[in-house]
Amino acid sequence: MIAGALVAGLAAVGGLGGQSPAPLARLSPDQLAKLGNGEPVQILEPVATPWPRSIVYQLIDATPEVCAAVLSDYELQATYIPRMKSARIVRRAGSDVDVEYVIDIPLFSDERSISRQRVIASGQEYRVVWNTVPDPAVQASITSGSATFVPMTNVRTSRPATLMIHDQLVVPASAFARVPLVKNKAIEASRESAVAIRRQIEREVASDTARLRRQLTVLRGRSPGAL
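What you are looking at is a predicted structure, and each value in this text was computed from that prediction instead of being measured.

1. Re the sheet that holds strand β1 (residues 41-45)
- With antiparallel pairing, the eight strands of this open sheet are ordered in space as β1-β2-β8-β7-β6-β5-β4-β3. Strand pairing shows two members of the sheet lacking a second neighbour, β1 and β3 (84-93), which therefore form its edges. Taking the axes of each pair of neighbouring strands and ignoring which way they run, one obtains an average angle of 20 degrees across the sheet.
- Where strand β4 (residues 96-103) and strand β5 (residues 111-122) come together, seven bridges link them in antiparallel fashion. Its bridge partner lying in β5, D98 is registered against R116.

Structure, rendered in C-alpha cells:
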C-alpha cells in the first residue's frame, strides 16, 4: 500500500517534468515501503573501480529549494557530514564553487582534495553536482556525484516533501581500497552522508529558520539554470 502510494505521490506533483516516476522505477516494493517509512534505500552498482557506485534514496520533509539551499551552504557541511573534518571555499567562478575538503579516512591518513560544485535548477527540481578537481601533484581519490531533489508528497503526512537521490562514485587512491573492511566503510559512508543531509535539512526547517532564510537568500540570488 505504501509503495503504490509513494509512486502515486511522486507522479501527482509532476516528478521529472510530469512524466512517469522514473526515479522510483528501479526500486522493489519492499524498498519503496522502506522509503515511505522514512528509511534510506541504498543501491550499489558494480563498476570498473574498487568501490561500487552508490545511489541512496531518501525522503525529506522540506521543499526541493530548501534542500538545495542547505546542501549548497558548502562550508557548513563539515558540521554534520560524518568523517568530514573541514570544508572551505577556495574559489568562485561563475556558477562553479571550488571547495577544499579534508576527509577522515578510516585506518589511513586524512585526505585533502578540491571539489568543484554547482547547483542546477529545472522547474521545481534542484540538483547539486560535485566533481573532484584532479591535482597531478597529489595522489587522491576522485569523486563525482550529485544530489537530486524532486518534489513529491509524503504519504505518511500528506504534506509536500522531497525525494533526494544521492548518487556518488568514488575512485579511491589507496592500494588497500579492495580490502573488504575498507570497501564496506566507504559504502557505509555514502549512506551515512545522505542520512546526515536529511537530518540537517529537517533540523533547520524545525529549529533554525534564521539560518535557513539566509541560505535561501543566497540560493535565490544566483542566476536561473546553473545557479
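2. Let's talk about the pairing of strand β7 (residues 142-154)
- Most of β7 sits inside the fold, with 10 of its 13 residues counted as buried.
- As judged from the six bridges shared by strand β6 (residues 125-132) and β7, these two strands associate in the antiparallel manner. Considered in β7, the bridge of N131 is made with S144.
- Of the strand pairs in this sheet, β7 and strand β8 (residues 159-171) are connected by 13 bridges, and their pairing is antiparallel. Bridge assignment links V150 to a residue of β8, and that residue is L163.
- In sequence, β7 turns back onto β8 through a hairpin of four residues, with S158 there showing a positive phi of about 60 degrees.

3. A word on the nonpolar core
- Formed by 32 residues in total, the largest nonpolar core has its most connected members in F149 and I201.
- Among the elements that line this core, the one with the most residues is helix α3 (residues 64-71), at six residues.
- Not counting the four nearest positions on each side in its chain, I201 is found in contact with I60, A62, V66, C67 and V70.
- Membership of the second largest hydrophobic core comes to 13 residues, among which are L32, L35, Y57 and L59.

4. Looking at the packing of α3 against helix α5 (residues 209-220)
- Running from N to C, α3 and α5 point in directions that differ by 95 degrees, and their axes come no closer than 8 Å. Between α3 and α5, the interaxial angle falls into the category roughly perpendicular. Counted together, E65, V66, A68, A69 and V70 of α3 and L212, Q215, L216, L219 and R220 of α5 form the full contact between these two elements.
- Across the contact of α3 with α5, the residue classes tally to seven nonpolar, one polar and two charged.

5. Quick word on the packing of helix α4 (residues 180-207) against α5
- In the contact formed by α4 and α5, the axes pass within 6 Å of each other and the chain directions differ by 115 degrees. One element, α4, and the other, α5, form an angle in the roughly perpendicular class. Residue-level contacts link E204, V205 and S207 of α4 to T209, R211, L212 and Q215 of α5.
- Tallied by class, the residues present in the contact of α4 with α5 amount to two nonpolar, three polar and two charged.

Calculation criteria
Residues numbered from 1 in each chain as written. Predicted model: local features only at pLDDT ≥ 70, side-chain atom pairs only at ≥ 80, totals over all residues. Heavy atoms only, no water. Pairing = 2+ DSSP bridges. Helix = DSSP H or I, 4+ residues; strand = E, 2+ residues; numbered from the N terminus. Axes fitted to C-alpha atoms, helices over the stretch in contact; angles between N-to-C directions. Buried < 20%, exposed > 50% of the residue type's maximum accessible area, 1.4 Å probe, protein only. Core = buried A, V, L, I, M, F, W, Y, C linked by side-chain atoms within 4.5 Å. Contact = heavy atoms within 4.5 Å. Parallel < 35°, antiparallel > 145°, perpendicular 65-115°, else oblique. Nonpolar A, V, L, I, M, F, W, Y, C, P; charged D, E, K, R; others polar.

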